[in-house]
Amino acid sequence: MIRDVLRMGDGRLLVRSKEVTEFDTKELHALLADMRDTMAYMNGAGLAAPQIGVPLRVVIFGAQNLRSGDRGDIPETTLINPVVEPIGLLTTEDWEGCLSVPGLRGRVPRYEKVRYRGFDVTGNTVDRLVDGFHARVVQHECDHLDGVLYPMRIRDFNSFGFVDVLFPDAAIQDD
Ligand code: NI
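The following refers to the structure shown. (Residues numbered from 1 in each chain as written. Predicted model: local features only at pLDDT ≥ 70, side-chain atom pairs only at ≥ 80, totals over all residues. Heavy atoms only, no water.)

This paragraph deals with the overall build of the protein. Scanning the protein from terminus to terminus reveals three helices and eight strands. With the principal axes as the frame, the protein shows a C-alpha extent of 45 × 35 × 30 Å. Taken across its 175 residues, the protein has 47% of its residues classed as buried. Within the protein, contacts between residues at least 6 apart in sequence are counted, and of these 66% link residues at least 24 apart. A total of about 9000 Å² of accessible surface is found on the protein, and carbon and sulfur atoms cover 52% of it. Charge centroids of the protein, computed over 20 positive and 27 negative side chains, lie 4 Å from each other. (Helix = DSSP H or I, 4+ residues; strand = E, 2+ residues; numbered from the N terminus. Buried < 20%, exposed > 50% of the residue type's maximum accessible area, 1.4 Å probe, protein only. Contact = heavy atoms within 4.5 Å. Areas by Shrake-Rupley, 256 points an atom, 1.4 Å probe, with all protein chains shown as cover. Lys, Arg positive; Asp, Glu negative; His and termini not counted. Charge placed at Lys NZ, Arg CZ, Asp CG, Glu CD.)

Turning our eyes to something else, we now look at the packing of aromatic side chains. By the definition in use, this model includes five aromatic pairs. Pairing Tyr-150 with Phe-160 gives two aromatic rings, centres 6.2 Å apart and planes at 80°, and the pair type is edge-to-face. Linking Tyr-150 in the loop between α2 (132–144) and β8 (160–162) with Phe-160 in strand β8, this pair joins segments that are 10 residues apart in sequence. Note on Phe-160: relative accessible area 26%, which makes it partly exposed. Measuring from ring centre to ring centre gives 5.8 Å for Phe-157 and Phe-160, while their planes differ by 80°; the resulting arrangement is edge-to-face. Of the aromatic side chains, those joined through ring pairs into one cluster are Tyr-150, Phe-157 and Phe-160. (Phe/Tyr/Trp six-rings, centres within 6.5 Å; stacked < 30°, edge-to-face > 60°.)

Turning our attention to the nonpolar core. One finds Leu-28, Leu-31, Leu-32, Met-35, Leu-47 and Val-58 to be the most contacted residues of the largest nonpolar core, which totals 16 residues. Looking at this core, the elements that each hand over two or more residues are α1 (26–42) and β2 (58–61). When residues in this core are grouped by element, the largest group, five residues, is from α1. Filtering out sequence-adjacent residues up to four positions away, Leu-28 remains in contact with Val-20, Glu-22, Phe-23, Val-58, Ile-80 and Val-121. By size, the runner-up hydrophobic cluster in this structure holds 15 residues, among which are Tyr-116, Ala-135, Val-138 and Cys-142. (Core = buried A, V, L, I, M, F, W, Y, C linked by side-chain atoms within 4.5 Å.)

What follows concerns the coordination of the nickel ion. Ligation of the nickel ion by protein atoms is provided by Cys-98 (SG), His-140 (NE2) and His-144 (NE2), these donors lying 2.1 to 2.2 Å from the ion. Between the donor residues of the nickel ion, the gaps in sequence give the motif C-x41-H-x3-H. Highlighted residues: Cys-98 in the loop between β4 (91–96) and β5 (104–111) and His-140 in helix α2, separated in sequence by 42 residues. (Donors = N, O, S within 2.8 Å, 3.2 Å for Na, K, Ca; no water.)

Our next topic: the sheet that holds β4. Ordered by their spatial adjacency, three strands build an open sheet running β4-β5-β8, and the pairing between neighbours is antiparallel. Strands with a single pairing partner mark the edges of an open sheet, and in this sheet they are β4 and β8. Ignoring strand direction, the axes of neighbouring strands in this sheet form an average angle of 25°. In the packing of α2 onto the sheet, contacts are made with β4 and β5, and the angle to β5 comes to roughly 105°. (Pairing = 2+ DSSP bridges. Axes fitted to C-alpha atoms, helices over the stretch in contact; angles between N-to-C directions.)

This is the structure in structure tokens:
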């Protein structure tokens, strides 16, 4: 079921979400089905459970997204109770958007390379070493679990604005 996505200004986006304690439950499968439906409908690169008002440490990302462009494909991933650890100190800035901040884009510094660990819906371990856009998306989605939205990480507000103003020649994007 497609759910409403909370937008910036809603206090529910600003709280720390809680760990999932039981895997492979009917409720968890239903939550993930709703998240996938919502992400696909909104044409997002990823979605965190608190964005649909569910304060649990669950994110999805990858696959259907059209936003990655030539920045590489990301496998369709469910990540529960994630831990993200930077590998090295190198950070890079690139454009980000967010379904909770519709119509806007900003340049955000992120670690270039990270290791992330967590669990899938049945409780199997996920453990990956990634870089580039994949690493960026993971950091963005996991930030949502700690109540952090990407504008809070922007350093230079000269590169924050409406997508149709910033990129007038680009194809119109959903958010
Ligand atoms: Ni987001």
